[in-house]
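# Chains, contacts and geometry: an overview
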Amino acid sequence: MLTTLLGSKEESMASVVYNYKHGFSGFAAMLTPEQAERLAEFPEVISVEPSRRHKASTTRSWDFLGLNYQMSGSAVPHGTNYGEDVIIGVIDSGIWPESRSFSDQGYPPIPSRWKGMCQLGPDWDKNNCSRKIIGARFYSAGLPDEVLKTDSLSPRDYGGHGTHCASTAAGSAVQAASFNGLAKGVARGGAPHARIAVYKTLWGAQGIGYTSDFLAAIDDAIHDGVDVLSLSVGFPDENSFGALHAVQKGITVVYAAGNDGPRPQTLENTSPWVITVAASKVDRSFPTAITLGNNQHILGQSLNYHVVNSSAGSSRFTGLVSDECTIASLNATAKDVKGKILLCSPLPDDPLAIAPGITFNNALQYVRNGGGSGLIFAQYTTDLLGACQGIACVIVDLDTGKKIKKYILGTSSPMAKIELARTVIGKEISAPKVASFSSRGPSPDYPEIIKPDIAAPGANILAAVGNSYVFMSGTSMATPHVAGIVALLKAQHPDWSPAAIKSAIITSAHVTDERGMPILAEGLPRKIADPFDYGGGNINPGGAADPGLVYDIDPRDYNKFFGCTIIRRANVSCDATTLPAYHLNLPSIAIPELRHPITVWRTVTNVGEVNSVYHAEVQNPAGVKMEIEPPVLVFNAMNKVHTFKVKLSPMWKLQGDYTFGSITWHKEQKAVRIPVAARITIQDFYADVA
């Protein structure tokens with residue numbers, strides 16, 4: 001056709017850009033508008049469409065947060081050079097150095113202050129370190145032999161978790177990355193020019209590691225000269241004193257909040273000196289069409305990109321059966337699923353209905369083992385979008401599940417077909433939302449401290465694993481988002497302390513979407529998010545770069561509130577008379593037992609315009625009266641630091657629940673907001689602790 005159109009075989013071959021031959025028949029070619037119009041008239045041509053420019057959408061999270069490095073309107077902080085020469089230490093399961101996300105092309109020499117090493121192993125030589133991956137170590141003391149059999153004594157990552165996190169924080173830009181065509185776009189880290197130092201402490205398929213290994217890694221990282229530490233791990237019983245040493249050396253430490261939500265008091269990594277990160281969702285969706293035999297069309301969500309069984313997917317209708325999909329019913333049922341699609345409709349009283357991931361995986365395995373072609377899984381709205389593992393699968397909500405089940409019960413030969421998922425992004429998708437799996441406060445360790453500190457994208461994040469790009473979800477994915485932003489802030493403000501960086505992130509966070517609608521928290525039930533869901537809110541990189549005021553903390557002050565001394569090496573004794581932690585100069589206030597008026601003090605430092613005037617705006621927690629003195633702060637060259645007091649008074653004599661408010665300092669368009677949580681109490685009620 002092109003030879004006929006252009007006049008010669010040579011010209012036609014020169015014009016061809018791509019040949020499409022696996023999914024459909026077609027081609028892309030460089031043509032003039034007139035040539036395209038003539039080509040469209042060929043009888044064998046169905047359509048001719050211009051190739052349009054599309055906005056990059058992978059991992060999508062960075063675009064959503066305003067960090068689109070390819071656009072002039074991006075919120076990339078000035079003076080950061082994308083985090084160049086900032087060193088992010090990733091303490092995780094290692095790294096896959098051959099990934100395109102770790103290309104060091106164009107990188108200047110390794111910073112002279114770097115003191116780390118490239119530790120060699122059976123599948124890791126000195127060439128695996130580079131100007132991007134400037135250091136690599138591994139820690140395997142005490143690991144069982146059965147764990148080591150599935151891994152390698154080297155910094156190489158066979159599980160994928162560490163590679164995913166490292167590329168999210170600091171991956172170099174990779175064009176046209178996708179998960180089998182889904183979420184296609186530019187994959188990059190938040191600080192794509194930052195250097196990466198790898199500390200492998202998680203091993204095997206389950207990601208097993210020990211406290212001793214993590215402490216050794218933190219210790220080495222302090223020596224090596226990292227600027228930021230990213231730990232996508234949980235320490236439910238660890239007070240992170242190793243991290244405190246890093247913070248006192250000027251290193252910002254970022255931890256995951258945990259994946260045990262939406263239950264309250266499930267947070268991990270609750271120490272006040274670290275940044276604890278919750279997971280949120282971005283404005284990206286993967287709608288998947290289901291067509292029933294009665295021609296009823298239903299939309300669900302999935303990552304369904306490919307089906308092995310030719311009877312599944314969009315090729316043709318196949319049989320449809322239903323089951324409750326409890327563990328008992330899956331084990332006992334004689335239902336034939338071979339070549340069919342199984343609808344799972346969990347019973348409301350099934351205890352696993354609140355943990356649908358377990359049931360989903362069981363049902364998926366059941367369908368695969370039985371030779372089924374697809375799975376439709378009904379559940380309350382969550383963030384569960386797992387890999388379909390070779391069959392067609394789709395998630396629907398409970399109401400939709402009931403409609404499908406009604407069709408099955410009313411039809412002698414129910415049929416359905418499941419299409420492949422597609423990617424949709426943009427303003428029509430409500431975001432951000434706190435992900436249902438994200439662990440929630442109040443802090444089980446330090447109720448006088450609001451945790452988590454911040455929320456960041458952590459649901460269905462596309463990043464590097466091996467030589468490919470895959471989706472992962474968890475606060476593990478949210479943590480490197482914050483680490484990458486910390487690296488940008490460190491590049492722009494090298495003199496800021498870890499507490500100042502943390503304050504900038506919390507006080508500038510969003511609590512509403514771009515329409516002014518409050519951010520929601522998914523769970524049981526879905527609700528408006530509060531500080532126990534997201535701390536200060538959803539992270540705002542542009543705002544954090546210019547916060548106006550910061551709540552700074554001398555790292556030695558942590559010792560006043562957590563005064564622990566080591567006795568004979570073996571025991572740690574903490575002073576029981578230590579001051580309540582709500583007196584610490586944190587960018588938040590939490591009073592877990594408000595029985596009488598309590599006054600706390602906070603100090604703010606002006607890091608914005610020298611001559612500035614800020615006015616206080618108070619949003620009282622329900623049942624609590626807050627008074628700010630002074631209500632106006634005047635800053636100039638001589639007065640860069642001001643202290644104000646906050647008096648919180650209970651309005652009633654009541655054994656109450658937590659309520660939430662905020663204190664915001666305003667200067668024209670600038671807003672410096674801290675969350676407040678308070679609980680009015682009369683006495684200790686044994687069952688009323690959260």
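Thresholds applied
Residues numbered from 1 in each chain as written. Predicted model: local features only at pLDDT ≥ 70, side-chain atom pairs only at ≥ 80, totals over all residues. Heavy atoms only, no water. Axes fitted to C-alpha atoms, helices over the stretch in contact; angles between N-to-C directions. Helix = DSSP H or I, 4+ residues; strand = E, 2+ residues; numbered from the N terminus. Left-handed = near helix turned anticlockwise from the far one by under 90°. Contact = heavy atoms within 4.5 Å. Nonpolar A, V, L, I, M, F, W, Y, C, P; charged D, E, K, R; others polar. Phe/Tyr/Trp six-rings, centres within 6.5 Å; stacked < 30°, edge-to-face > 60°. Buried < 20%, exposed > 50% of the residue type's maximum accessible area, 1.4 Å probe, protein only. Lys NZ or Arg CZ within 6 Å of the ring centre and 35° of its normal. Core = buried A, V, L, I, M, F, W, Y, C linked by side-chain atoms within 4.5 Å. UniProt positions renumbered as here; feature names shortened; annotations may be inferred. Polar contact = N/O pair within 3.5 Å; in protein donor to acceptor, adjacent residues only side chain to side chain. Expected span 1.5 Å × (residues − 1). Arc of directions from axis to C-beta. Disulfide = S-S within 2.5 Å.

### Overview of the packing of helix α6 (residues 161-170) against helix α12 (residues 475-492)
Contact pair α6 / α12: the axes reach a minimum separation of 7 Å and the direction vectors enclose 35°. In the crossing of α6 with α12, the sense of the turn from one axis to the other is right-handed. Within the contact between the two elements, α6 uses His-161, His-164, Cys-165, Thr-168 and Ala-169 and α12 uses Ser-476, Met-477, Pro-480, His-481 and Gly-484. Looking at the contact of α6 with α12, its residues break down into four nonpolar, six polar and no charged.

### Some thoughts on the packing of aromatic side chains
Considering all chains together, one arrives at eleven aromatic pairs under this definition. Considering the side-chain rings of Phe-360 and Phe-377, the 5.4 Å spacing of their centres and the 90° angle between planes classify their relative orientation as edge-to-face. With Phe-360 in helix α10 (residues 356-369) and Phe-377 in strand β16 (residues 374-379), this residue pair connects regions lying 17 residues apart in the sequence. Since its relative accessible area comes to 1%, Phe-360 is described here as buried. We classify Phe-377 as buried; its relative accessible area is 0%. Ring geometry for Phe-644 against Trp-665: centres 5.0 Å apart, planes inclined by 70°, an arrangement best described as edge-to-face. One end of the pair, Phe-644, is in strand β34 (residues 641-650); the other, Trp-665, is in strand β35 (residues 658-667), with 21 residues separating them in the sequence. Taken together, Phe-179, Phe-286 and Phe-471 form an aromatic cluster joined through their ring pairs. Just above the ring of Trp-96 sits the side chain of Arg-156; from NZ or CZ to the centre is 4.6 Å.

### Quick look at the environment of Ala-392
When you line up the elements, Ala-392 lands in strand β17 (residues 392-397). Since its relative accessible area comes to 1%, Ala-392 is described here as buried. Along the sequence, Ala-392 and Ser-302 sit 90 residues apart, while their C-alpha atoms lie 9.0 Å from each other.

### Here's the deal with the nonpolar core
In this structure, Val-482 and Ile-505 are the most contacted members of the largest nonpolar core, which totals 47 residues. At eight residues, the largest contribution of residues to this core is made by α12. Beyond its immediate sequence surroundings of up to four residues, Val-482 is in contact with Val-254, Ile-275, Val-277, Ile-454, Ala-456, Ile-505 and Ile-539. Ranked by size, the runner-up nonpolar core spans 34 residues in total, among them Leu-229, Ala-246, Val-247 and Tyr-446.

### Overview of the side chain of Ser-438
One can find Ser-438 in the loop between β20 (433-434) and β21 (454-457). Its relative accessible area of 0% is what places Ser-438 among the buried residues.

### Quick look at the UniProt feature "active site" (unreviewed entry) in the protein chain
The UniProt record annotates "active site" (unreviewed entry) at Asp-92, His-161 and Ser-476. Annotated residues spanning 385 residues; largest pairwise C-alpha distance 9.9 Å, indicating a single compact cluster. Those residues within four positions of Asp-92 in sequence are excluded, and the remaining contacts are His-161, Gly-162, Cys-165, Tyr-199, Lys-200, Thr-201, Leu-202 and Ser-232. As for its placement among the helices and strands, His-161 is situated in helix α6. We classify His-161 as partly exposed; its relative accessible area is 21%. Each residue touching His-161, except ones within four places of it in the same chain, is listed here: Asp-92, Ser-93, Ser-232, Met-472, Ser-476 and Met-477. Of note is the side chain of His-161, whose polar atom sits 2.7 Å from the side chain of Asp-92.

### Considerations on helix α11 (residues 398-409)
Between its first and last C-alpha atoms α11 spans 16 Å; for twelve residues at 1.5 Å apiece the expected length is 16 Å, and the two agree. Those residues of α11 that sit buried are Thr-400, Gly-401, Ile-404, Tyr-407 and Ile-408. Take α11 and look down its axis: the buried residues cluster within an arc of 120°, on one side only. Facing away from the buried surface of α11 by more than 90 degrees, the exposed residues are Lys-402, Lys-406 and Leu-409.

### Observations regarding the state of the cysteines
Summed over the entire model, instances satisfying the criterion amount to two disulfides. A sulfur-sulfur distance of 2.1 Å marks the disulfide that ties Cys-118 to Cys-129. Between Cys-118 and Cys-129, the disulfide has an S-S torsion of 95° and is therefore right-handed. Of this pair, Cys-118 sits in the loop between β3 (87-92) and β4 (133-138) while Cys-129 sits in the loop between β3 and β4, and the two are eleven residues apart along the sequence. With a relative accessible area of 24%, Cys-118 lands in the partly exposed category. Across the disulfide, Cys-325 is cross-linked to Cys-344 (sulfur-sulfur distance 1.9 Å). Between Cys-325 and Cys-344 the sulfur-sulfur dihedral comes to about -75°; the bridge is accordingly left-handed. Placement of Cys-325 in the loop between β14 (318-323) and α9 (327-332) and of Cys-344 in strand β15 (residues 341-344) is noted, with a sequence separation of 19 residues between them.

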